[in-house]
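# Geometric and topological summary
Residues per chain, in single letters:
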Amino acid sequence: MNPTAPIDLGFSSLQRHYLAGSLSPSVCIAHVLARIEAAARAEVWISRVDADSLFRRATQLEYELARLGDKVLERFPLFGLPFAVKDNIDVAGMPTTAACPAFAYVPQVSAHVVERLLDAGAILIGKTNLDQFATGLVGVRSPYGAVRNALNPEYVSGGSSSGSAVAVALGLVSFSLGTDTAGSGRVPAGFNHIVGLKPSRGLLSNGGVFPACRTLDCVSIFAATVPDAWRAVGVAAGYDAADPWSRRLTMSGVKRRGYRIAIPDRREFFGDTQAEEAFAASLASVRTMPNVEIDSVPFEVFAEAARLLYEGPWVAERRAAVGDFFDTHRDDVDPSVKTILAKADRFNAVDAFNGQYRLAALKREADTLLAPFDFMLVPTTPTMPTLADLAAEPLLRNSELGYYTNFVNFFDMAALALPGAWRADGLPSGITLIGPSGADQRLAAFGEAAEALFTGAANVDAVASAPLPFNETSVKVAVVGAHLSGQPLNWQLLERGARKVASTTTSAHYRLYALANTTPPKPGLVRVAEQGAAIAIEVWELPVRLFGEFVAQIPAPLGIGSLELADGSWVSGFICEPWALASATDITAHGGWRAYLSQLTQ
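Overview of the structure. (Residues numbered from 1 in each chain as written. Predicted model: local features only at pLDDT ≥ 70, side-chain atom pairs only at ≥ 80, totals over all residues. Heavy atoms only, no water.)

## Notes on the sheet that holds strand β19 (residues 585-586)
Taken in spatial order, the three strands make up an open sheet running β15-β14-β19, and their pairing is antiparallel. Bordering the open sheet on either side are β15 (523-527) and β19, each of which pairs with just one other strand. Bridge count for strand β14 (residues 510-514) against β19 is two bridges, and the pairing is antiparallel. Looking at β19, one finds that Y513 is bridged to D586. (Pairing = 2+ DSSP bridges. Helix = DSSP H or I, 4+ residues; strand = E, 2+ residues; numbered from the N terminus.)

Encoded structure:
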């Protein structure tokens, strides 16, 4: 394949070509390097992996593909996907600058999340530009140059993860890592028409990440689509005992019976009528989605918390991250960043405690407001300034951009930024879904469906079938009928965060019956001493804490007992009381519920 020919760097497309043999990682790397050269966007990068190292990495992956064949994705789920890393995240042997050359150091080990991505087969292309010390939402506070917007270079790209977002938006990488303290993983996504996934705090390790505010920071993911971002998070997530901020989080399941969504009662756009109209259009599209209910909530509690981040004592935490460097190298610090860090001198320990007390009160009020809802939907930003606007009033314009973002990590929430309706002037606008800690999959599943409204992306329901690895005790359950994938009661598993672990059969000791007068139609599975057969089933895994709740929804004559699988192992699973068989139809010969339903429609 011609290395300069168009290549889709989307996860599924790229890996499909790899498995088919129509593309190799080496050719992909040649294409990426050619595209970087053609883009002539040097300000996106602070440092890059040299070409020889990239091709050696590609050759290693090609060896693994030859060795493992179509099982390569089981061992390397991110096989051959090029990615970038924001330059406040450590990569062994590459300088970490945080966009301040005088501060740079060369780490000996990579950040925990980078190691996980490399172990999964991803290919690191380089480290990207950012607002210095991850302080800013604009993307211009860097001695390596202002990162220009991918769609219109007269406008800001958003920060602080500007280079990471633009690298994805320009198609230079499949995905990238950013960080998010006040919105740095969301604002650049909105301004460059891509997806920015800001996970629950502690879901991704901060080990090896130079902090902005250590108690608030999150590693974030940029990708072209929600399913791609979700796949990357699924690999990057994992408890890290060496990181004191890493947490074993319990996850909410996806919703399958509709969503109740909160929106701000008072929406601020700072006079940008086109941004206001674009959000109204996005909201109108969301209202057309099935089983969606939208209500307003008072927003002042969120706005007050947002103001605390830069107007309260938390600026001292940013100062603490930089340490003595700020005192000894003030001339090396960007002027806007210097102004922000210098605010720390205004606050003392009493202010810090009072700030914590006020934040706790605000969080309790916010939790109460959002308790009846699945999540909140807001504009990603209230406006989109030009570079000239920013130059005229750098601190004010930056502050405006955090109106809908600054409070999220304060309130220990997860967020997903995705493209919304286009503005009338042709600029992008974005919407952000915000939910409680652990709501990551729920947001992503809805986001995948919403994304199809605005970008035309296919809604393949990929997120719902791929929950994150469990951080709690789980139990396996065999399902045989209405709870199978795609069947009417499968939502009872999905909403509890269950994952399908196998499609298999029972041992050859069972008979299957179509039960009479059940809604929705259900089968009954019975173990027999003789003349049995193997029946198709699925094995699902769900948290033990939700197992009783799941079982309580099972109506007679069905129940949960022990089933023997084809391999001789036993799991909990659906069984039927014998008294119900008198009015049931024996459908054992079909070998499973789906096969039986299929013949009914022929």
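Back to the write-up after that little detour.
## Points about the sheet that holds strand β7 (residues 259-264)
In space, the 11 strands of this open sheet follow the order β1-β3-β2-β4-β6-β5-β10-β11-β9-β7-β8, with mixed pairing throughout. On the outer flanks of this sheet lie β1 (45-48) and β8 (292-297), each paired with one strand and no other. Taking each pair of neighbouring strands and ignoring which way they run, the sheet shows an average axis angle of 25 degrees. Note: strand β5 (residues 195-198) against strand β6 (residues 218-223), three bridges, orientation antiparallel. Residue pairing in the sheet places V195 in a bridge with A223 of β6. The sheet strands contacting helix α6 (residues 162-169) are β2 (82-86), β3 (123-128), β4 (175-180) and β6, and the helix crosses β4 at an angle near 155 degrees. (Axes fitted to C-alpha atoms, helices over the stretch in contact; angles between N-to-C directions. Contact = heavy atoms within 4.5 Å.)

## Description of the packing of helix α8 (residues 226-236) against helix α18 (residues 440-455)
Packing of α8 against α18 brings their axes to within 9 Å, and their N-to-C directions diverge by 155 degrees. Here α18 runs roughly antiparallel to α8, going by the angle between their axes. Across the interface between the two elements, V226, P227 and W230 of α8 pack against D440, Q441, A444, G447, E448 and E451 of α18. Of the residues assigned to the contact of α8 with α18, the class counts are four nonpolar, two polar and three charged. (Parallel < 35°, antiparallel > 145°, perpendicular 65-115°, else oblique. Nonpolar A, V, L, I, M, F, W, Y, C, P; charged D, E, K, R; others polar.)

## Some points on helix α2 (residues 25-39)
Note on helix geometry: an α-helix contains 3.6 residues per turn, so any two residues three or four positions apart are oriented the same way. Helix length check: α2 (15 residues) gives 21 Å between terminal C-alpha atoms against 21 Å at 1.5 Å per residue, within 8%. If you check which residues of α2 are buried, you get P25, S26, C28, I29, H31, V32, L33 and I36. A positive phi of about 50 degrees marks A40, the residue just after α2. (Expected span 1.5 Å × (residues − 1). Buried < 20%, exposed > 50% of the residue type's maximum accessible area, 1.4 Å probe, protein only.)

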